[in-house]
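Here's the letter readout for the chains.
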Amino acid sequence: MRNTQRPSPPTGVKRRFLRAPITLYRWHLGGLLGHRFLLLEHVGRRSGKTRQVVLEVVDHDDASDSWVVAAGYGTASDWYRNLAAHPRARVQVGRRGYEVEADFLGAEEGGDLMAYYGSVHPRIGVRLCKTMGFEVDGSLDDFREAGRHIHFVRLRPVRA
């Protein structure tokens, strides 16, 4: 694994383009994105206002009904920093909504998770790593090493 320049969070037109899927959820068409994406509604750390972002699901655990997402822009991502300040949030996957709590995964768990993801989705895994600033050769060891440097968050449902 080779560490390249980690990208900065998008601004301008690119940011608007990446935020476009939020509109699908607002129009109750989130189901078109399937279960590979989720809408995360979180509280702004400074404003206290509700914020929204659509994130790609890296892993879904059927047993606990939890989702894992990656902070592609590292800890500079607003949603990541907001969850660190206020771990309770809401997700919408397809047409279903859930109250969740954020658990921030450690480096070793992140490495294992990325190795698993790379074994299941090798091409997408290589592209995903590249967009986050890591060049991998497609081996499990490379995916594991990249995963140790990626910040993952598990969103687990809050049981009433």
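Within any chain, residue numbers begin from 1 and follow the written order of that chain's sequence. Reporting in this predicted model follows two pLDDT cut-offs: at least 70 for local features of residues, and 80 or more for side-chain atom pairs to be given and counted; totals over whole chains, interfaces and linings ignore these cut-offs and use all residues. The side-chain figures draw on all heavy atoms in the structure; neither hydrogens nor water molecules are used.

The name given to the chain in an unreviewed UniProt entry is Nitroreductase family deazaflavin-dependent oxidoreductase, with the source organism recorded as Rhodococcus parequi.

1. Re the pattern of salt bridges
Between Lys or Arg on one side and Asp or Glu on the other, a salt bridge is scored when a side-chain nitrogen of the former is within 4 Å of a carboxyl oxygen of the latter. One pass over the structure, following the stated rule, counts nine salt bridges. Salt-bridge contacts for Arg88 lead to Glu101; the nearest nitrogen and oxygen are separated by 3.1 Å. Of this pair, Arg88 sits in strand β5 (residues 88–93) while Glu101 is found in strand β6 (residues 96–104), placing the two residues 13 residues apart along the sequence. A salt bridge links Glu109 to Arg154; the shortest N-O distance between them is 3.0 Å. Here the residue Glu109 occupies a position in helix α4 (residues 107–120), and Arg154 occupies one in strand β8 (residues 151–157), the gap between them amounting to 45 residues. Take Glu109: its relative accessible area is 39%, and that puts it in the partly exposed class. Numbering goes from the N terminus for both helices and strands, where a helix is a DSSP run of H or I of at least four residues and a strand is a run of E of at least two. Burial classification: accessible surface area is computed with a 1.4 Å probe over protein chains only, and a residue below 20% of its type maximum counts as buried, one above 50% as exposed, and the rest as partly exposed.

2. Side note on the nonpolar core
The tendency in soluble globular proteins is for nonpolar side chains to be buried side by side. Within the largest apolar cluster, 19 residues are counted, with the highest numbers of intra-cluster contacts made by Leu38, Leu40, Trp79, Val91 and Leu155. Those elements that place two or more of their residues in this core are β2 (37–43), β3 (50–61), β4 (66–71), α3 (78–85), β5, β6 and β8. Contact between two residues is taken to exist if any of their heavy atoms lie within 4.5 Å; hydrogens are not considered. In this structure Leu155 touches Leu38, Leu40, Ser66, Trp67, Val69, Leu83, Val91, Val100, Glu101 and Ala102, once residues within four positions along its chain are discounted. Of all hydrophobic cores here, the second largest spans 16 residues; its members include Tyr117, Leu128, Ala146 and Phe152. Think of a nonpolar core as a cluster: buried Ala, Val, Leu, Ile, Met, Phe, Trp, Tyr and Cys residues, connected wherever their side-chain atoms sit within 4.5 Å.

3. Notes on the side chain of Asp142
Along the chain, the position of Asp142 falls in helix α6 (residues 140–147). Buried charge without a salt bridge: Asp142, with Arg148 as the nearest opposite-charge side chain at an N-O distance of 8.9 Å. Positive residues here are Lys and Arg, negative ones are Asp and Glu, while His and the chain termini are left out of the count.

4. Re the packing of α4 against helix α5 (residues 122–131)
Note on definitions: angles span 0 to 180 degrees between N-to-C directions of axes, and those axes are lines fitted to C-alpha atoms, for helices only across the stretch in contact. With their axes 5 Å apart at the nearest point, α4 and α5 run at an angle of 130° to one another. One element, α4, and the other, α5, form an angle in the oblique class. For the pair formed by α4 and α5, the contact residues are Met114, Tyr117, Gly118, Ser119 and Val120 on the first element and Pro122, Ile124, Gly125, Leu128 and Cys129 on the second. Split by residue class, the contact of α4 with α5 holds seven nonpolar, three polar and no charged. Orientation is classified from the angle alone, with under 35 degrees giving roughly parallel, over 145 giving roughly antiparallel, 65 to 115 giving roughly perpendicular, and any other angle giving oblique. Classification used: nonpolar for Ala, Val, Leu, Ile, Met, Phe, Trp, Tyr, Cys and Pro, charged for Asp, Glu, Lys and Arg, polar for all others including Gly.

5. Digging into the pairing of β6
If DSSP finds at least two bridges between two strands, the strands pair. Relative to β6, β5 runs antiparallel, the two sharing six bridges. When the bridges of β6 are listed, Gln92 appears paired with Gly97. Taking the residues that link successive antiparallel strands as the turn, the β5-β6 hairpin has two residues, and the phi of Gly94 there is positive, at about 65°. Relative to β8, β6 runs antiparallel, the two being bridged by five bridges. Looking at β8, one finds that Ala102 is bridged to Leu155.

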